[in-house]
Amino acid sequence: MAITQPPPHGTTEPDDGREEGKAYEEEKARAHDEAETHDEAKAHDEAETHDEASRHLTSPLLLTLVLLTAMLFQDPVRRALTAPVMQSWMTVFVAVVLQALPFLVLGVLLSAAIAVFIPPSFFARALPRRPALAVPVAGAAGAVLPGCECASVPVAGALVRRGVAPAAALAFLLSAPAINPVVLTATAVAFPGDPEMVAARFVASLLVACAMGWLWQRLGRTDWLRPPSRSSYEGQSRGAAFWGSVRHDVMHAGGYLVVGATAAATLKAVVPAEWLRAAADSPVLSVLVLAVLAVLLSICSEADAFVAASLTQFSLTARLAFLVVGPMVDLKLFAMQTGTFGRAFALRFTPATFALAVVVSALTGAVLL
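Residues numbered from 1 in each chain as written. Predicted model: local features only at pLDDT ≥ 70, side-chain atom pairs only at ≥ 80, totals over all residues. Heavy atoms only, no water.

(A) A look at the overall build of the protein. From N to C terminus, the protein includes 17 helices and 0 strands. Taken over 369 residues, the protein has a buried fraction of 40%. Here the contacts in the protein between residues at least 6 apart in sequence split such that 82% fall between residues at least 24 apart. For the protein, the exposed surface amounts to about 20,200 Å²; the carbon and sulfur share of it is 67%. (Helix = DSSP H or I, 4+ residues; strand = E, 2+ residues; numbered from the N terminus. Buried < 20%, exposed > 50% of the residue type's maximum accessible area, 1.4 Å probe, protein only. Contact = heavy atoms within 4.5 Å. Areas by Shrake-Rupley, 256 points an atom, 1.4 Å probe, with all protein chains shown as cover.)

Next up, the structure:
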């Protein structure tokens with residue numbers, strides 16, 4: 001019988017060593033190939049991203065194209081700007097923007113300060129526990145605490161989240177942007193010869209806010225009102241939240257101010273006078289036209305009085321409807337209310353507010369104007 005001797009201690013089989021070395025080299029080569037493939041794919045993706053970005057218009061490129069176009073067509077542009085219609089249009093546009101801008105900035109600063117530095121628990125402690133009494137108190141609080149439309153919706157959501165009765169929170173939501181001191185001062189400046197317009201705006205807006213609060217308390221259902229989500233500024237420092245709110249409101253309110261001034265200038269200078277006169281001569285039609293215009297323009301409440309003052313073809317009552325409806329019902333408010341309280345709420349609350357605002361404005365105008 002042949003006996004196989006084991007290898008001496010400390011030695012390894014030559015064939016096994018060669019196989020292990022070969023496997024190691026193959027693994028190393030495979031890892032190197034994978035790394036090269038990953039780098040090539042990454043470089044390819046970066047190149048595609050760069051090419052795709054280069055095909056899109058950037059802000060500097062867009063500005064350059066606009067300037068080049070203006071230089072190429074400077075003679076037609078100069079003739080168009082010197083036309084009497086354009087001169088009238090620019091005069092109205094610049095006047096509306098310059099008059100409204102200081103009030104808009106002041107209103108945005110005060111609104112952001114209230115939203116950030118005054119805790120919602122303050123309102124919960126200050127309001128009566130009975131919703132029927134809390135509604136007029138919350139509505140009257142809008143005359144003391146300035147806030148534009150963009151800030152009133154999240155503040156109302158925070159009030160509901162902190163346990164305030166929804167009817168009271170909704171009354172504050174409608175009254176704060178409509179009857180606060182900044183808005184009433186701007187209205188007095190825009191209508192220097194008609195001081196009764198300030199009183200009419202205050203009375204009509206407060207009546208609508210309270211009536212909608214009581215209406216919700218009477219007919220509103222809990223399944224229509226989605227619980228508001230957590231505020232986007234909660235968890236930040238007060239300074240960051242303040243300036244974040246200011247930037248948001250300035251961008252939105254400033255953009256809508258430009259849109260409103262453009263519409264006012266166009267109505268004044270471009271739309272045939274016969275059309276405006278036909279709408280303005282009908283008491284009912286004029287109120288409805290300006291109420292719908294307020295919804296479409298979505299102007300910030302700190303600036304809407306100057307747009308309304310420029311619509312001299314219409315009666316004071318029709319312009320009052322513009323001032324009452326605008327801060328309570330417009331396109332951006334509908335979107336914000338949908339996002340905060342849900343679509344079921346906005347689809348019921350917004351049409352009811354619009355109808356009530358139009359009726360109350362007409363009645364208030366008939367009595368006070």
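That shown, we press on.
(B) Representation of the pattern of salt bridges within the structure. Within the structure shown, the criterion is met by 2 salt bridges. Asp304 is the partner of Arg201 in a salt bridge, and the nearest nitrogen-oxygen pair spans 2.9 Å. Here the residue Arg201 occupies a position in helix α10 (residues 196-219), and Asp304 occupies one in helix α14 (residues 304-310), the gap between them amounting to 103 residues. Between Arg221 and Asp223 there is a salt bridge, with its nearest N and O atoms 2.8 Å apart. Classification of Arg221 as partly exposed rests on a relative accessible area of 44%. (Salt bridge = Lys/Arg side-chain N within 4 Å of Asp/Glu carboxyl O.)

(C) Looking closely at empty space enclosed by the protein. Under the criterion given, the structure shown has 2 cavities of 30 Å³ or more. Taken as a whole, the second largest cavity encloses approximately 30 Å³ of empty space. Along its surface, the second largest cavity is lined by Ala294, Ile299, Asp304, Phe322 and Gly326. Class assignment for the residues of the lining of the second largest cavity results in 3 nonpolar, 1 polar and 1 charged. (1 Å grid on protein atoms, 1.4 Å probe; cavity = no way out; pocket = protein on both sides within 12 Å on 5 of 7 lines; lining within 4 Å. Points joined across faces, edges and corners; volume = space filled by probe spheres on them. Nonpolar A, V, L, I, M, F, W, Y, C, P; charged D, E, K, R; others polar.)

(D) A look at the nonpolar core. In terms of nonpolar packing, the biggest core is built from 95 residues, with Phe172, Phe191, Phe314, Phe322 and Val325 touching the most fellow members. For Val325, the contacting residues outside a window of four places in its chain are Ala291, Ala294, Val295, Phe354, Ala357 and Val358. (Core = buried A, V, L, I, M, F, W, Y, C linked by side-chain atoms within 4.5 Å.)

(E) Structural detail: a nonpolar patch on the surface. On the surface, Leu61, Leu65, Leu68 and Met71 cluster together into a nonpolar patch covering about 370 Å² of accessible area. Considering the arrangement of structural elements, one finds Met71 in helix α2 (residues 59-72). Overall, Met71 belongs to the exposed group, its relative accessible area being 57%. (Patch = residues over 30% accessible without salt bridge, like charges linked within 9 Å, V, L, I, M, F, W, Y side chains within 5 Å.)

(F) Region of interest: the packing of aromatic side chains. Enumeration over the complete set of coordinates arrives at 6 aromatic pairs. On the basis of an interplanar angle of 70 degrees and a centroid distance of 5.4 Å, the ring pair of Trp216 and Phe345 is categorised as edge-to-face. Taken together, the residues Trp216 in helix α10 and Phe345 in helix α17 (residues 343-368) connect sequence positions 129 residues apart. Of the two residues examined, Trp216 and Phe345, each falls in the buried class. On the numbers, 4.8 Å between centres and 20 degrees between planes, the contact of Phe345 with Phe349 is stacked. Placement of both Phe345 and Phe349 in helix α17 is noted, with a separation of 4 residues, approximately one turn of the helix. Comparing Phe345 with Phe349, the two get one shared label, buried. (Phe/Tyr/Trp six-rings, centres within 6.5 Å; stacked < 30°, edge-to-face > 60°.)

On their own, these measurements won't tell you what the molecule is for.
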